[in-house]
Amino acid sequence: MTIAEALKRIHKGAWVLPAIQREFVWNTNQIRSLFDSLMRGYPVGSFLLWGLEKEQVEKFTFYDFLTDYHEKNQPYAPTANVAHGESVIAVLDGQQRLTAINIGLYGSYAERLKYKQANNPENYPRKWLYLNLLGSGGDDELGLKYDLRFLTSAKAAEPTTDGKRPWFKVAEVLKFPDGGPAIMDAVGARGLDVAEFHYAYKQLYELYQAIHTQQVINAFQEDSQDPDRVLDIFVRVNSGGTKLSNSDLLLSMATNQWKELDAREEVRSLETEFTAGPGQFRFSKDLILKAGLMLTEAPDFQFKISNFTQTNMSRLEHGWAEIRSSLLRAANLLASFGLSANNLTADSVVIPVAYYLHRHGLGDKYLTASTFATDRALVRRWVFKSLIKRGVWGSGLDTLLRSIQAVIRSSATPEFPVDALESAMASRGKGLSFTDEEIDGVLELQYGKPQTFPVLAMLYPGLDLTQQFHEDHVFARSRLTPQALRKSGISREQHEDYTSRANGLPNLQLLAGLPNIAKGDAWPWEWLDGPHFTSDAARENHLAQNDLDLLPHDLAGFVDFYDARKKRMAERLSKLLGLRAEVPET
């Protein structure tokens, strides 16, 4: 197929752009280089088309090819008006090249003049692509053979010093009915001498050949009506060394289909707000899009083109303000539980929490009001259990989210339906009950592991986690090094018993930031006798609530303390996580 034939199809509306395509991003130098390659007879790559039947066309938004690019007023392709009941062909690969050709032959390019003010319309002169019929090699840096430039009509009309008019508007070649007399007439009207005439004729003939004769448009058409197969093909052919994700392309679809808001900017802004929030969460655009589908009650929220229809995207845009608020509120709720980007092991847990808040219309008061304290505790425990249990938020996420959505949507009570949720999750193989072996595994968690925090927070919930806190060693690590042990009189044979327990869960606690800084490497009994409690009763309460009433009064009792506290932890975890009949001796 020739370029002229392809452009006719574009301007008849037979070829359109699907919403998964990104915006036109080529600059004038890239357009010039492409036309130079065409005139040289170089191949310009293949094109991938998608033939859509009329039933599919009605489900999606399509765009016409950009013709007159204006950096400020018209940088994007306009929406295509596809006639009802018509089939179309969507260009999946080749948009940038075809748009560049279309601008060069049918349109214009207006970009802001360098260093000029952006708000002055006169600083965006409209330019067209011209060919210098008497020159060559217009730009050494680009390596062009032909002198192709974007010029204003006034600039192109300026004669040379000897009165010649060398610039030919490339778009005029489309009007040529043939490659002989029409070209001779166009060149002959310029008052050239014989040598100039022959040179200009050759230049213009090569342009004519590139547009009207050469079969440079090699296209493969995919006729499958499965949009997700087509999306997979699109991802593969457009990767170009840089991994494209389905969410990148579907976000482009959302951006193109939203009418009032810019979906891409809204999602980016929300990502930034998560990062700047109390938990500094790094929630991705994938998560945000999936949450948006779930919160808008979309029938399905997998990353499939069939879920990014006009109807779903319209619903997402209209509900965006509330969806955004619910997601931010859910993130703040997780942060109030002490979770952050550093210890949250599964970002997806925020989605069902946001859905619960959104579904029940729970506002900011939910985060702090005493009225909701019991409900927040239910959410907190469920969240922590799901984070401690391995494999909950891994494979089968969409199926799990659908089950959670169904439970919350059908719940007859306004409270967080924790029992119904755990039952539904168990039926999906995602149960939150722990076997004895799993509890034993939890007890082996070490300092700094992400799962360690939710375990400590469940075991010892007395600390206000909305304030700064630290994961602290009861016995400072500096007291448990081989050198420190020798100084304390611990025999070499016992060193392994001490060092192997230094970072273990039973030697860990959660402490408020300032008290932990004050504690430093002090002995735990010394610190507990310090001025950190308002009364003796407060001190005793802290000891009992954190299983520190087992503390020895010297380092020699560390191993016994560790093992005894581990047994206490096992008993607590059995009640919180599983059904252990009895806790074996260590």
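Everything quoted here is computed from the prediction, not taken from an experiment. (Residues numbered from 1 in each chain as written. Predicted model: local features only at pLDDT ≥ 70, side-chain atom pairs only at ≥ 80, totals over all residues. Heavy atoms only, no water.)

A.B. asks: Can you lay out the confidence of the model for the protein for me, pointing to particular residues and giving the numbers?
C.D. replies: Considering every residue of the protein, the mean pLDDT works out to 88; 93% of them sit at 70 or more. Below a pLDDT of 50 lies the segment residues 580–586, which in the model reaches ten contacts outside its immediate sequence neighbourhood of four places, other chains included. (pLDDT = per-residue confidence, 0-100. Contact = heavy atoms within 4.5 Å.)

A.B. asks: Tell me what's going on with the layout of surface pockets, and back it up with residues and numbers.
C.D. replies: Reported here for the largest pocket is a volume of approximately 790 Å³. Among the elements of the structure, helix H13 (320–336), helix H15 (373–388) and strand E11 (469–473) are those that each provide at least two residues to the lining of the largest pocket. (1 Å grid on protein atoms, 1.4 Å probe; cavity = no way out; pocket = protein on both sides within 12 Å on 5 of 7 lines; lining within 4 Å. Points joined across faces, edges and corners; volume = space filled by probe spheres on them. Helix = DSSP H or I, 4+ residues; strand = E, 2+ residues; numbered from the N terminus.)

A.B. asks: How would you explain the pattern of salt bridges if you had to name every residue and give the values?
C.D. replies: Under the counting rule described, the total for this entry stands at 22 salt bridges. Where glutamate 206 meets lysine 202, a salt bridge forms, and the shortest distance between an N and an O atom there is 2.7 Å. Taken together, the positions of glutamate 206 and lysine 202, both in helix H7 (residues 194–213) and four residues apart, correspond to about one turn of that helix. When its relative accessible area of 16% is taken as the criterion, glutamate 206 is described as buried. With relative accessibility at 46%, the residue lysine 202 sits in the partly exposed group. In this structure, aspartate 547 engages arginine 572 in a salt bridge whose closest nitrogen and oxygen atoms are separated by 2.8 Å. On the criterion of sequence distance, the pair formed by aspartate 547 in the loop between helix H24 (536–545) and helix H25 (558–577) and arginine 572 in helix H25 is long-range, its members being 25 residues apart. Taking relative accessible area as the criterion, aspartate 547 reaches 2% and is therefore assigned buried. Judged by relative accessible area, which is 27%, arginine 572 ranks as partly exposed. Among the charged side chains, a salt-bridge network with shared partners connects Asp547, Asp549, Arg568 and Arg572. (Salt bridge = Lys/Arg side-chain N within 4 Å of Asp/Glu carboxyl O. Buried < 20%, exposed > 50% of the residue type's maximum accessible area, 1.4 Å probe, protein only.)

A.B. asks: How would you sum up the sheet that holds strand E3 (residues 62–63)? Please name residues and give values.
C.D. replies: Here we have five strands laid out as an open sheet, ordered E3-E1-E5-E2-E10, and mixed in their pairing. Two strands in the sheet have a free side with no partner beyond their single neighbour: E3 and strand E10 (218–222). With five bridges connecting them, strand E2 (residues 46–52) and E10 associate as parallel partners. Following the sheet pairing, tryptophan 50 is matched in E10 by glutamate 222. Of the strands in this sheet, strand E1 (15–18), E2 and strand E5 (88–93) touch helix H4 (residues 95–106), which is tilted by about 110° from E5. (Pairing = 2+ DSSP bridges. Axes fitted to C-alpha atoms, helices over the stretch in contact; angles between N-to-C directions.)

A.B. asks: Tell me what's going on with the pairing of E1, and back it up with residues and numbers.
C.D. replies: Relative to E5, E1 is paired through two bridges, and the arrangement is parallel. In the strand pairing of E5, tryptophan 15 is matched with isoleucine 89. Strand direction decides the pairing type here: E1 and E3, joined by two bridges, are antiparallel. Within E3, the position partnered with leucine 17 by the bridge is tyrosine 63.

A.B. asks: Give a detailed account of the packing of aromatic side chains, specifying residues and quantitative values.
C.D. replies: Note on aromatic pairs: each is described by the distance of the centres and the angle between the planes. Scanning all chains against the criterion turns up 23 aromatic pairs. Plain terms: the ring middles of phenylalanine 24 and tyrosine 69 are 6.2 Å apart, the flat faces sit at 70° to each other, and that makes the pair edge-to-face. With phenylalanine 24 in the loop between E1 and helix H2 (28–40) and tyrosine 69 in strand E4 (residues 68–70), this residue pair connects regions lying 45 residues apart in the sequence. Taking 5.6 Å as the distance between ring centres and 25° as the angle between the ring planes, the aromatic pair formed by tyrosine 498 and phenylalanine 558 counts as stacked. In this pair, tyrosine 498 sits in helix H21 (residues 495–499) while phenylalanine 558 sits in helix H25, placing the two residues 60 residues apart along the sequence. For the pair tyrosine 498 and phenylalanine 558, one class covers both residues: buried. By way of ring pairs, the aromatic residues Phe475, Tyr498, Trp523, Trp525, Phe558, Phe561 and Tyr562 are connected into one cluster. Above the plane of the ring of phenylalanine 434 lies lysine 389, whose end atom (NZ or CZ) is 5.0 Å from the centre. The ring of tryptophan 523 carries arginine 479 above its face, with NZ or CZ at 4.1 Å from the centroid. (Phe/Tyr/Trp six-rings, centres within 6.5 Å; stacked < 30°, edge-to-face > 60°. Lys NZ or Arg CZ within 6 Å of the ring centre and 35° of its normal.)

A.B. asks: Report on empty space enclosed by the protein, specifying residues and quantitative values.
C.D. replies: As enumerated under the stated definition, the model contains two cavities of 30 Å³ or more in all. Its volume calculated, the second largest cavity comes out at about 40 Å³. Lining the second largest cavity, in full, are Ala254, Trp258, Ala263, Val267, Ile288, Leu289, Gly292, Leu316 and Trp320. Sorting the residues of the lining of the second largest cavity by element identifies helix H10 (263–276) and helix H11 (285–295) as the ones contributing at least two each. In terms of residues, the lining of the second largest cavity owes the most to one element, H11, which gives three residues. Looking at the lining of the second largest cavity residue by residue, the class counts come to eight nonpolar, one polar and no charged. (Nonpolar A, V, L, I, M, F, W, Y, C, P; charged D, E, K, R; others polar.)

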